[in-house]
Every structure is written in structure tokens, then in C-alpha cells.
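These are the residues of each chain, in order.
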Amino acid sequence: YDTVKWLRQARGARLGAVQRKLPPLHFVLLFALGFFELSAFPLLSAGASVTVGDNALKIEAAVFALMAAAIMLTLGVVLQLWQPSGSVYS
């Protein structure tokens, strides 16, 4: 009986490791959030350059680059983790 119990536990662990943890809707929402965030930032920066001045654009350009890199790296890692096989982390 211990062998059957061990086999069931091993099967459950294997199926749990292969199972996708997040539904595809989460990824749609992540991509939409990234798109809206990256598309709204330049518009807000243009408004700030009118009120604050052109020096603000240098700082906002660096912040925009960091934000874009963070969003792309996060989405890349999450998508790789979502794939049960054939990805970097599986």
C-alpha cells in the first residue's frame, strides 16, 4: 500500500508542476496594463514639458526607459514561467 501511496503523491507532484497556474485572462490584463501605461506616459511627459520646462524631459525619458524595461522583463519572465515545457525555466 505504501508503494501505491507514494506513486499517487509523485503523480500529484508531477501534475502540479506541469499545470498552468494563471489563466490566459491574466496575461491579457498584464499586456493591456503595460500598453496603457507605456502609451500614457509620453502624453503626460509632453504636458509636463509645457508646464515645467524641457529639463524635465531628460529625467522623464530615463524613467520611461526604466519603466519600459521593467514591464518587458516582467512579462517575459511570467510568460516563460507560464509555459509548462519547452521554456527556459522548465
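Residues numbered from 1 in each chain as written. Predicted model: local features only at pLDDT ≥ 70, side-chain atom pairs only at ≥ 80, totals over all residues. Heavy atoms only, no water.

Enquirer: Please set out helix H3 (residues 55–82) residue by residue, giving values where relevant.
Expert: Structurally, the α-helix is built with 3.6 residues per turn, so residues lying three or four positions apart point the same way. The end-to-end C-alpha distance of H3 is 41 Å, a good match for the 40 Å that 28 residues give at a rise of 1.5 Å each. Here H3 has its buried residues at Ala56, Met67, Ala68, Ile71, Leu75 and Trp82. Packing partners of the buried residues in H3 comprise helix H2 (24–51). (Helix = DSSP H or I, 4+ residues; strand = E, 2+ residues; numbered from the N terminus. Expected span 1.5 Å × (residues − 1). Buried < 20%, exposed > 50% of the residue type's maximum accessible area, 1.4 Å probe, protein only. Contact = heavy atoms within 4.5 Å.)

Enquirer: Before we move on, could you go through a nonpolar patch on the surface and cite the residues and values that matter?
Expert: A cluster of nonpolar residues, Leu25, Val28 and Leu29, forms a patch on the protein surface that exposes about 300 Å² of accessible area. As for its position among the elements, Val28 is in helix H2. (Patch = residues over 30% accessible without salt bridge, like charges linked within 9 Å, V, L, I, M, F, W, Y side chains within 5 Å. Areas by Shrake-Rupley, 256 points an atom, 1.4 Å probe, with all protein chains shown as cover. Salt bridge = Lys/Arg side-chain N within 4 Å of Asp/Glu carboxyl O.)

Enquirer: Can you tell me about the confidence of the model for the protein, naming the residues and giving the values?
Expert: Predicted confidence across the protein gives a mean pLDDT of 80, with 86% of residues reaching 70 or more. Per-element averaging of pLDDT across the protein places helix H1 (residues 2–18) at the bottom with 79 and H3 at the top with 84. (pLDDT = per-residue confidence, 0-100.)

Enquirer: Tell me about the environment of Phe27, and name the residues and values.
Expert: Here Phe27 shows up in helix H2. Assessed through its relative accessible area of 6%, Phe27 is described here as buried. Counting along the chain gives 52 residues from Phe27 to Leu79, while the straight-line C-alpha distance between them is 8.1 Å. In this view, Phe27 contacts Leu22, Val78, Leu79 and Trp82; residues no more than four positions away in its chain are not counted.

Enquirer: Can you explain the packing of aromatic side chains? Please cite residues and give values.
Expert: Under the criterion given, the structure shown has two aromatic pairs. Centre to centre, the rings of Phe41 and Phe64 are 5.6 Å apart; their planes meet at 25 degrees, and the pair counts as stacked. Residue Phe41 is located in helix H2, and its partner Phe64 is located in helix H3; the two are separated by 23 residues in the primary sequence. (Phe/Tyr/Trp six-rings, centres within 6.5 Å; stacked < 30°, edge-to-face > 60°.)

Enquirer: Tell me about the environment of Leu81, and name the residues and values.
Expert: When you line up the elements, Leu81 lands in helix H3. Expressed as a C-alpha distance, the spacing of Leu81 and Leu22, which sit 59 residues apart in the sequence, is 9.8 Å.

Enquirer: I'd like a rundown of the packing of H2 against H3, residues and numbers included.
Expert: For any two helices packed against each other, the geometry comes down to the angle between their axes and how far apart the axes lie. Running from N to C, H2 and H3 point in directions that differ by 175 degrees, and their axes come no closer than 11 Å. The angle between H2 and H3 places the two elements in the roughly antiparallel class. Contacts from Pro24, Phe27, Leu30, Phe31, Gly34, Glu37, Leu38, Phe41, Pro42, Ser45, Ala48 and Ser49 of H2 reach H3 at Leu57, Glu60, Val63, Phe64, Met67, Ala68, Ile71, Leu75, Val78, Leu79 and Trp82. Among the residues making up the contact of H2 with H3, the classes are represented as 18 nonpolar, three polar and two charged. (Axes fitted to C-alpha atoms, helices over the stretch in contact; angles between N-to-C directions. Parallel < 35°, antiparallel > 145°, perpendicular 65-115°, else oblique. Nonpolar A, V, L, I, M, F, W, Y, C, P; charged D, E, K, R; others polar.)

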